[in-house]
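# Descriptive structure summary
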Amino acid sequence: MVAGGFDGASSSSPPVKASTASTTRPALLVHGFAGTKSSWSLVAHTLSAQGLTVEAMSYPPLGTSVGQLAERLVAEVERILRRTGPDKVHLVGHSLGGVVIAQAIADRRLSGRVDTVITLGSPFGGPPWAGVLPFVEIVRALRPGSPVLRRSPPRQCLPACGGCQ
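Predicted model only: the values in this text are computed from it and were never measured. (Residues numbered from 1 in each chain as written. Predicted model: local features only at pLDDT ≥ 70, side-chain atom pairs only at ≥ 80, totals over all residues. Heavy atoms only, no water.)

The next subject is the pattern of salt bridges. Scanning the model with the defined rule gives 7 salt bridges in all. One salt bridge connects Asp115 with Arg25, and the closest N-O pair in it is separated by 3.3 Å. With Asp115 in strand β4 (residues 114-120) and Arg25 in the segment before β1 (27-30), this residue pair connects regions lying 90 residues apart in the sequence. For Asp115, a relative accessible area of 28% gives the class partly exposed. Linking Arg109 and Glu71 is a salt bridge whose minimum nitrogen-to-oxygen distance equals 4.0 Å. Of this pair, Arg109 sits in the loop between α3 (96-106) and β4 while Glu71 sits in helix α2 (residues 66-84), placing them 38 residues apart in sequence. In this structure Arg109 comes out as partly exposed when scored by relative accessible area, which is 23%. Among the charged side chains, a network of salt bridges with common partners joins Glu55, Glu76, Arg79 and Arg83. (Salt bridge = Lys/Arg side-chain N within 4 Å of Asp/Glu carboxyl O. Helix = DSSP H or I, 4+ residues; strand = E, 2+ residues; numbered from the N terminus. Buried < 20%, exposed > 50% of the residue type's maximum accessible area, 1.4 Å probe, protein only.)

For strand β3 (residues 89-94) and β4, the ladder comprises 6 bridges, and the chain directions are parallel. Note on β4: the bridge partner recorded for His94 is Leu120. (Pairing = 2+ DSSP bridges.)

With that settled, consider the sheet that holds β3. With parallel pairing, the 4 strands of this open sheet are ordered in space as β2-β1-β3-β4. At either margin of the open sheet sits one strand with a lone partner, and together these are β2 (54-57) and β4. Geometrically, the sheet is characterised by an average inter-axis angle of 20° between neighbouring strands, direction not taken into account. Here α3 sits on the sheet and contacts β1, β3 and β4; the angle it forms with β3, its principal contact strand, is near 135°. (Axes fitted to C-alpha atoms, helices over the stretch in contact; angles between N-to-C directions. Contact = heavy atoms within 4.5 Å.)

Looking now at helix α1 (residues 41-49). The set of residues buried in α1 consists of Ser41, Ala44, His45 and Ser48. Along α1, the residues classed as buried sweep out an arc of 95° about the axis, all on the same side. Looking at the packing, one finds that the buried side of α1 touches β1 and β2. Two residues or fewer after α1 comes Gly51, characterised by a positive phi angle close to 100°. (Arc of directions from axis to C-beta.)

Burial analysis of β3 places 5 of its 6 residues in the buried class, the great majority of the element. Where β1 meets β3, 4 bridges bridge the pair, whose relative direction is parallel. Directly across from Leu28, in β3, lies its bridge partner Leu91. Viewed along the sheet, the connection from β3 through α3 into β4 turns out right-handed. (Right-handed = clockwise from strand over helix to strand, strands pointing away.)

One finds Leu28, Leu73, Leu91, Leu96 and Leu110 to be the most contacted residues of the largest nonpolar core, which totals 31 residues. Of all elements in the fold, only β1, α2, β3, α3, α4 (137-141) and α5 (147-151) reach the threshold of two or more residues within this core. Here this core takes 8 residues from α2, the largest share from any one element. With residues near it in sequence (within four places) discarded, Leu110 still touches Leu73, Val74, Val77, Leu91, Ala104 and Ile105. Ranked by size, the runner-up nonpolar core spans 7 residues in total, among them Leu29, Leu52, Val54 and Ala56. (Core = buried A, V, L, I, M, F, W, Y, C linked by side-chain atoms within 4.5 Å.)

Attention now goes to the packing of α2 against α3. Put simply, α2 and α3 touch, their axes get as near as 8 Å, and they point 75° apart. Judged on the interaxial angle alone, α3 and α2 are roughly perpendicular. In contact with Val66, Leu69, Ala70, Leu73 and Val74 of α2, α3 contributes Leu96, Val99, Val100, Ile101, Gln103 and Ala104. Tallied by class, the residues present in the contact of α2 with α3 amount to 10 nonpolar, 1 polar and no charged. (Parallel < 35°, antiparallel > 145°, perpendicular 65-115°, else oblique. Nonpolar A, V, L, I, M, F, W, Y, C, P; charged D, E, K, R; others polar.)

Structure below.
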């Protein structure tokens, strides 16, 4: 267990000393399609070595919807904030994880609970492979022009940060 609940043991990750309870806002890492919590192992270890409480959300890649994953994200944020004490969390999403974060923010379910959002390689315009994979709900949601992607455009900044006009 590293800094507040991330358990992403990996043979390629450098050993990191577990930090004590952090007074900073925790970070929640949200993996991409077919990823796992351990996909974030190096990032989690690096952030926790800097004193951040870091957790990674897990979910099944198929058989669920972006909306259901967004609900799970909201529940994770609430659980982390209750457990750690700060008023807000930092969210980092890779690929599908960024779309899930954007969906939860668009629904305003995370209003007032998020400090920073970083998305990496999130297919807000739809990934090219979404048209060739089997017809499951989560893949349909990632197709270019889908209602989910039209509803959750990428944001340069969250209104709560005060930097957007």
